[in-house]
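# A look at the structure
As a plain string of letters, each chain reads:
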Amino acid sequence: MDSFLASAARMPALKERILDAPDQFRVLTGERPTGLLHLGHYFGTLQERVRLQNRGVRTFVVIADYQVITDRDTANNVSIHVREAVLDYLATGLDPTETTIFTHSAVPALNQLLVPFLSLVSDAELRRNPTVKSEMAASGRSLSGLLLTYPVHQAADILFCKGNLVPVGRDNLPHVELARTVARRFNDRFAPLFPEPEPLITDAPEVPGLDGRKMSKSYGNAISLAMTADETADVIRRTRTDGIRRIAFDPVTRPGVSGLLSTAALCLGSRPEDIADQIGDKGSGELKRLTTEAVNSFLAPHRARRVEMAADVALVDDILQEGNARANQMAETTLDEVRQAMGMTYSIRDQKRQL
Ligand code: TRP
């Protein structure tokens, strides 16, 4: 059984445990600010985070800005993407007084955990990570030191706050596995400081993009949460469908039509097949009209909340300041414990405390 199936098989029991004792769990999750968040993120992860938060699970969200440069040279527009992500978190229902929202680059002590953690993994383990391999292939570049080691950085994200539950899609599963390995080895070699985090695989369907491939900014097939209704109508209008008038759900032979049907179905809470039946012989024009209407009505309240919050220019900065301050505090505590465990207790900060 592959590790995805093995993890998936454990989900019902894990979900029970979360419902029974939410206070036993600490979630760390996040994403790279490489672009605007889209409907795939909304259905795939954002909603789930809000559900966990509202059930009483302590939640940390990293906006992984240092991870932007794993597979590209520049961090163009990173501050815009960070800002827009925070607006989407808030509009979805994350409460920054409950949930800590922070950025990698503002938490030096988190990044320092990378040094001991790197000593716990081998070159061969890093090189066989399937997600790193496919990201390298997709980037069309040679493997950078950061791309090779970012899963260890991700282990630091999870472990600095003693996260024990990581909601992930299939792509990030090998990284959670590595975080477990790092935690276990650190505990064995030095002192038992870290939990072994468990992956939480969400039930959310993978949201296909408008062309039927996975929804992704880089494929240009995504509906961003931040788009206006007109921009949404525009991307949907430009989707490639086919000339067959009868609309049917068939992702293999009719990816464009089926991508639109899936998108409309998610927003309407119904099934793509039923929407196809409803449209019948009215063709792609009607399918696009219906999908545009479904997406825009579904996102209208989210977008209204975003616009309202964006008008408060200090809001996002304040939330990040607060989140980063909390993350720094926690990371420094953990780093102190790590240095203690390693017998490195002569740092300047420790001396200052003794004076
Ligand atoms: N690699 C994740 C992504 O691209 C983002 C991420 C960074 C993350 N650190 C994390 C996810 C820690 C889960 C846990 O989506």
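This text goes with the structure placed above it.
Notes on the structure in this doc start here. (Residues numbered from 1 in each chain as written. Predicted model: local features only at pLDDT ≥ 70, side-chain atom pairs only at ≥ 80, totals over all residues. Heavy atoms only, no water.)

## As for the overall build of the chain
The helix and strand tally for the chain stands at 16 helices and 5 strands. Since a compact globule built from 355 residues should have a radius of gyration of about 20 Å, the 22 Å found for the chain is in line with a globular shape. Seen along its three principal axes, the alpha-carbon backbone of the chain occupies a region of about 80 × 50 × 45 Å. Looking at the chain residue by residue over its 355 residues, the buried ones come to 50%. (Helix = DSSP H or I, 4+ residues; strand = E, 2+ residues; numbered from the N terminus. Rg over C-alpha atoms; globule rule 2.2 N^0.38 Å. Buried < 20%, exposed > 50% of the residue type's maximum accessible area, 1.4 Å probe, protein only.)

## Quick word on helix α12 (residues 255-268)
Residues spaced three or four apart along an α-helix face the same direction, because each turn holds 3.6 residues. In this model, α12 (14 residues) spans 20 Å end to end at C-alpha, consistent with the 20 Å of a helix rising 1.5 Å per residue. Most of α12 sits inside the fold, with 11 of its 14 residues counted as buried. Within the sequence span of α12, burial applies to Gly256, Val257, Ser258, Gly259, Leu260, Leu261, Ser262, Thr263, Ala264, Ala265 and Cys267. Tucked inside the fold, the buried residues of α12 contact α3 (39-55), α11 (229-237), α13 (272-279) and α14 (283-310). Gly269 sits one or two residues past α12 and shows a positive phi near 65°. (Expected span 1.5 Å × (residues − 1). Contact = heavy atoms within 4.5 Å.)

## Some points on the site of the ligand
Leu28, Thr29, Gly30, Glu31, Arg32, Val62, Ala64, Gln67, Gln154, Asp157, Val166 and Asn172 make up every residue found near the ligand. Asp157 has a polar side-chain atom sitting 2.6 Å from a nitrogen atom of the ligand. A distance of 3.2 Å is found between a nitrogen atom of the ligand and a side-chain nitrogen or oxygen belonging to Asn172. For the ligand, the accessible surface in isolation is 360 Å², of which the surrounding protein chains cover 87%. Contributions of two or more residues to the shell around the ligand are made by β1 (26-31) and α9 (145-160). Per element, the largest residue contribution to the shell around the ligand is 4 residues, and it comes from β1. Of the residues belonging to the shell around the ligand, the class tally is 4 nonpolar, 5 polar and 3 charged. (Near = heavy atom within 4 Å. Polar contact = N/O pair within 3.5 Å; in protein donor to acceptor, adjacent residues only side chain to side chain. Areas by Shrake-Rupley, 256 points an atom, 1.4 Å probe, with all protein chains shown as cover. Nonpolar A, V, L, I, M, F, W, Y, C, P; charged D, E, K, R; others polar.)

## Some remarks on the nonpolar core
For soluble globular proteins, the rule of thumb is that nonpolar side chains tend to be buried together. Core analysis: the biggest nonpolar cluster contains 49 residues, and Ile18, Leu28, Phe102, Phe117, Phe160, Val182 and Phe194 have the highest contact counts within it. When near neighbours in sequence (up to four residues on either side) are disregarded, Val182 contacts Phe117, Leu120, Val121, Ala155 and Leu159. Leu37, Ala85, Ile101 and Ile223 belong to the second-largest nonpolar core, a separate cluster that totals 45 residues. (Core = buried A, V, L, I, M, F, W, Y, C linked by side-chain atoms within 4.5 Å.)

## A few points about the packing of helix α4 (residues 78-92) against helix α15 (residues 315-341)
Remark: α4 packs on α15, axes separated minimally by 10 Å, with the N-to-C direction vectors making an angle of 90°. As judged from the angle between their axes, α4 and α15 are roughly perpendicular. When α4 is examined against α15, the residues Val82, Arg83, Val86, Leu87 and Leu90 are found in contact with a partner set consisting of Leu315, Val316, Ile319 and Leu320. Per-class residue counts for the contact of α4 with α15 are 8 nonpolar, no polar and 1 charged. (Axes fitted to C-alpha atoms, helices over the stretch in contact; angles between N-to-C directions. Parallel < 35°, antiparallel > 145°, perpendicular 65-115°, else oblique.)

## Some thoughts on the packing of α3 against α14
The geometry of α3 relative to α14 is characterised by a closest axis approach of 12 Å and an angle of 65° between their N-to-C directions. Judged on the interaxial angle alone, α14 and α3 are roughly perpendicular. Helix-helix and strand crossings are classified by hand; for α3 and α14 the assignment is left-handed. Residue-level contacts link Leu39, Tyr42 and Phe43 of α3 to Val295, Phe298, Leu299 and His302 of α14. For the contact of α3 with α14, a count of residues per class yields 6 nonpolar, 1 polar and no charged. (Left-handed = near helix turned anticlockwise from the far one by under 90°.)

## A few points about the pairing of strand β2 (residues 58-63)
Among the 6 residues in β2, 5 count as buried, and that is most of the element. In this structure, β1 lies alongside β2, joined through 6 bridges in parallel fashion. The partner of Glu31 across the bridge, within β2, is Ile63. Taken together, β1, α3 and β2 constitute a β-α-β crossover, and its handedness is right-handed. Sheet analysis places β2 next to strand β3 (residues 100-103), joined by 4 bridges and oriented parallel. Along β3, the bridge assignment pairs Val62 with Phe102. For the crossover that starts at β2, traverses α4 and ends in the parallel β3, the hand is right-handed. (Pairing = 2+ DSSP bridges. Right-handed = clockwise from strand over helix to strand, strands pointing away.)

## Focus on the environment of Val57
Inspection of the secondary structure puts Val57 in the loop between α3 and β2. For Val57, a relative accessible area of 3% puts it in the buried group. Separated by 35 residues in sequence, Val57 and Pro22 have C-alpha atoms that sit 5.0 Å apart.

## Some points on the environment of Ala294
Mapped onto the elements, Ala294 comes out in helix α14. When the C-alpha atoms of Ala294 and Cys267 are compared, they prove to be 5.9 Å apart, with 27 residues separating the residues in sequence. Setting aside its immediate chain neighbours within four residues, Ala294 contacts Ala264, Cys267 and Leu268.

## As for the packing of aromatic side chains
Counted according to the given criterion, the structure contains 9 aromatic pairs. Ring centres 5.5 Å apart and planes at 85° place the aromatic pair Tyr42 and Phe43 in the edge-to-face group. By relative accessible area, which is 9% here, Phe43 ends up buried. Linked through ring pairs, Phe117, Phe186, Phe190 and Phe194 together constitute an aromatic cluster. It is Arg170 that lies over the ring of Phe4; its NZ or CZ is 3.9 Å from the centre. Sitting above the plane of the Tyr219 ring, Arg213 keeps its charged end 4.0 Å from the centroid. (Phe/Tyr/Trp six-rings, centres within 6.5 Å; stacked < 30°, edge-to-face > 60°. Lys NZ or Arg CZ within 6 Å of the ring centre and 35° of its normal.)

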